[in-house]
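# Remarks on the overall topology
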Amino acid sequence: MSPLTAARVQMELSLGFHMLFAAVGMAMPVMLLIAEWRWMRYGDGDALALARTWSKLTAVVFAIGAVSGTALSFELGLLWPRFMGFAGPLIGLAFALEGYAFFIEAIFLGLYLYGWERLSPRAHWLCGWAVAVSGALSGVLVVSANAWMQDPVGFRVGSDGLPLDVDPWAALFNPAWPLMAAHSTFSTYQAVGFAAAGTYAWALLRGSRPERDRYHREGLRIAMLLAVTAAIVQPLLGDLLAKRAHLRQPAKLAAMEAQFTTERRAPLRIGGIPDPETGRTRYALEIPGGLSFLAAGDLDAEVAGLDEFPREEWPNVVVTHVAFQIMVGAGVVMLGVAAWYALDAWRRRADRSRPIGRSLLVALALCTPLGYLALEAGWVVTEVGRQPWVIYGVMRTADGVTPITSVAGSLAVFSALYAGLLLILVFFLRHLARQPLDHARA
Amino acid sequence: MTLEGLLAAVMLAALVAYALLGGADFGGGIWDLLSRGPRAADQRRAVARAIGPVWEANHVWLIFLIVLLFTCFPFAYAWVSVDLFWPLHLVLVGIVLRGAAFVFRAYGSPASMAQRAWGRIFGASSAITPFLLGWSLGAVSVGRAETAFDPFNVLTGVLALLLCAYLAAVYLAWETDGPLQDDFRRRALLTWFAAGVASLLLLGVAGMTAGRLWDELTTPPASLLVLAGVLLAPASAFALWRRRFHLARVLGGAQVTVLLLGWAVAQWPYLVYPAYTITEAAAPRATLLAAAVTLPFGLGVLIPSLWFLFAVFKRGPDDRGEAERQVSL
């Protein structure tokens, strides 16, 4: 394996792993706030038990997110020293501000997790707010760095290959940032919301512990608040992002949609397997003019194809297109199930104790992994779609990589480490689900 | 002071904070690993109780430090990343394992086998990580990162490990009482002696192999700080001996602070010796300015929050019956 490939795989692995945990760190505090509020407001013991269980889950997941995030802050340099030598002064401001936000999150999470007995209920709940807000903020800020890699601004390249006229504020507030930050923040709510709701739907279906039915229903309801909101917002944000890509990163959009040739009335391809050699996409369902309409709001608009770009500047079309189909497909399914759930909840509003129908529970249980699947697939789209550039149009990934030749070794170590931790996490979740409910509060 | 000098000073302050707080958390892990005698389980519980609520916040000082390094001194960060590729990767493995093992033990299965396994991993990674961080600090001080067993780097690592263990034992003695306090007091005194021996060895090796660093350490102003450290060391041991734990805690912290300040003064003007001085490694002025102007805002939120965290969880030896004394907002 070449050092470049190994470095890319190690970065993908580390980010992909970190994201699973970071998403919980962003979304779970919101669910905790709702549950704890329901306990404070209505004295709902099941809501308190949920908050206590989620609190334990968050403690473990946040810790792994924090340490794998630390690993990333080193790996940026360990794997991509030349990229960071160039980009550090530009994206550093986002990371520095993210550092403060993350600091606040860690401090108040410590207060929240260990403060159940030491803080008054209100003080405890307010600490939860600090966690949720700073968690969302640190996610939003770190996305600024990635958005800058997609749409680099705030400098020009000097004759020595280093950035000149550096404006870190312009880099921080780069035009790609707001949409990407919103899309990624809601993706964490969607991933965690559907994962949690699916877990409780599964527990209700099995019905092996009827004494916990109310507890599971309560958990499902809170999780679906996040899930339904995100499922509606995400397609809208995604559409705006695709319109941006049409203007700013046409090669990425072409790869996402497997658009090999520039054309007017470009079709929207649903599914299919693109073949970069022949420039054809097989087995796709094509909607005439669909892509032109979605990208530019006009059925006859011209959409750039990959033929506009030299072959060596194409991203991996198969990976980008397939990952995009997975993300959109999962999004559509989740939107449908979210709408079904919302309709069902509306019908049940008069009698809240009426159980949720079995078929809806099955649908929700099947959706358990879809939010996370969409999150990871969406990230693959944006990162693989940017290739071969690490800084779009400015620096190639191959030019940013470390000169160290033994990257395959560090990749092996990290693969083993992260695989082991994931396996153990599964055991931990099983252990947590079997714990007696904790309704008590000292 | 120049802008880059100011930011380097902020990084030094973050390093001191990380050593005093995060270092002691690693030290706690070391004492977990070395828990012995009839009160071994109580010792482990005291460690877990002491670091549980605060270790993640303390750990962020390292992230803060590394982010400031790549923002303000990108070339030094790139250089360190290449030359310390393996030591830093191992540091990361240590950091990931330490954090994961701590939470899996605290919240996971209470089965004794799982608890023991996580305890071992937690303790071992708490020992290896500060050793490797110390080793790396040694490497950027003398400009030698090629050989794993470079005596200067190894001894710096050993000293870092011993100082973490020392700080943790002193803090734990302050936070506990009765026989448990005696356990940690004894451990603190033993570690104090071991750290003294390691310091003398390190000074000897520095005299032979550290070239420029040694010259700087032995002339003012760095030599004055070294002298202050030499005077503080017996003072903190004496306070321990006399069971003045609060004073011992302050003096122990002061000792580590003075040591790091002395190192920084001797290292000046280099950031990573001999590749980059602080000025050579600095980012463009606009970036330094942005980092500097955001600093008061960031610290303005951070410091009161940290104060609150420690006020709630570190109320000292009279902190018993905590359930009755809730903090309200």
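Quick summary incoming for the structure in this document. (Residues numbered from 1 in each chain as written. Chains lettered and ligands numbered in written order. Predicted model: local features only at pLDDT ≥ 70, side-chain atom pairs only at ≥ 80, totals over all residues. Heavy atoms only, no water.)

## Re the overall build of chain A
When helices and strands are tallied, chain A shows 14 helices and 10 strands. Considering only C-alpha atoms, chain A reaches an extent of 65 × 45 × 40 Å along its principal axes. Residues classed as buried in chain A amount to 60% of the 442 residues present. Just so you have it, chain A exposes about 17300 Å², and 65% of that area is on carbon and sulfur atoms. Of the side chains in chain A, 36 bear a positive and 34 a negative charge, and the two mean positions are spaced by 11 Å. (Helix = DSSP H or I, 4+ residues; strand = E, 2+ residues; numbered from the N terminus. Buried < 20%, exposed > 50% of the residue type's maximum accessible area, 1.4 Å probe, protein only. Areas by Shrake-Rupley, 256 points an atom, 1.4 Å probe, with all protein chains shown as cover. Lys, Arg positive; Asp, Glu negative; His and termini not counted. Charge placed at Lys NZ, Arg CZ, Asp CG, Glu CD.)

## Side note on empty space enclosed by the protein
Residues and elements named next belong to chain A. By the definition in use, this model includes one cavity of 30 Å³ or more. Computed from the structure, the largest cavity encloses a volume of approximately 40 Å³. As for the largest cavity, its lining consists of Pro29, Leu32, Leu109, Tyr112, Gly128 and Val131. At the level of secondary structure, the elements contributing two or more residues to the lining of the largest cavity comprise α1 (3-42), α3 (81-114) and α4 (121-150). Its residues assigned to classes, the lining of the largest cavity shows five nonpolar, one polar and no charged. (1 Å grid on protein atoms, 1.4 Å probe; cavity = no way out; pocket = protein on both sides within 12 Å on 5 of 7 lines; lining within 4 Å. Points joined across faces, edges and corners; volume = space filled by probe spheres on them. Nonpolar A, V, L, I, M, F, W, Y, C, P; charged D, E, K, R; others polar.)

## Side note on helix α7 (residues 151-175) of chain B
Taking 1.5 Å per residue, 25 residues should reach 36 Å; α7(B) reaches 36 Å between its end C-alpha atoms and fits that length. Where α7(B) begins, the capping side chain belongs to Asp150(B), and its oxygen is found 3.0 Å from the backbone nitrogen of Phe152(B). (Expected span 1.5 Å × (residues − 1). Polar contact = N/O pair within 3.5 Å; in protein donor to acceptor, adjacent residues only side chain to side chain.)

## Quick look at the nonpolar core
By size, the foremost hydrophobic cluster in this structure holds 267 residues, and its most contacted members are Phe83(A), Leu111(A), Trp148(A), Leu220(A) and Phe73(B). For this core, the leading source of residues is α3(A), giving 23 residues. Look past the residues within four positions of Leu111(A) in its chain and what remains in contact with it is Leu119(A), His124(A), Cys127(A), Phe308(B), Leu309(B), Val312(B) and Phe313(B). By size, the runner-up hydrophobic cluster in this structure holds six residues, among which are Ala258(A), Leu306(A), Trp314(A) and Val317(A). (Core = buried A, V, L, I, M, F, W, Y, C linked by side-chain atoms within 4.5 Å. Contact = heavy atoms within 4.5 Å.)

## Regarding the pattern of salt bridges
When the charged atoms of two side chains lie near each other, side chains of opposite charge can form a pair. All names here are of chain A. What the rule picks out here adds up to 23 salt bridges over all chains. One salt bridge in this structure joins glutamate 117 and arginine 52, with 3.5 Å as the shortest N-O distance. Here glutamate 117, found in the loop between α3 and α4, pairs with arginine 52, found in helix α2 (residues 45-79); they are 65 residues apart in sequence, far enough to count as distant. By relative accessible area, arginine 52 is classed as buried at 12%. A single network of salt bridges, built from pairs that share partners, joins Asp44, Asp46 and Arg214. (Salt bridge = Lys/Arg side-chain N within 4 Å of Asp/Glu carboxyl O.)

## With respect to the interface of chain B and chain A
In this complex, chain B contributes 69 residues to the contact, which on the side of chain A involves 72 residues. Contact between chain B and chain A buries roughly 6100 Å² in total, counting both sides, with carbon and sulfur atoms accounting for 78%. For the pair chain B and chain A, the number of links is zero salt bridges. Ranked by residues supplied to the side of chain B that touches chain A, first place goes to helix α13 (residues 285-313) of chain B with 16 residues. Looking at side-chain class alone, the side of chain B that touches chain A contains 49 nonpolar, 14 polar and six charged residues. (Buried area = accessible area lost by both parts, 1.4 Å probe.)

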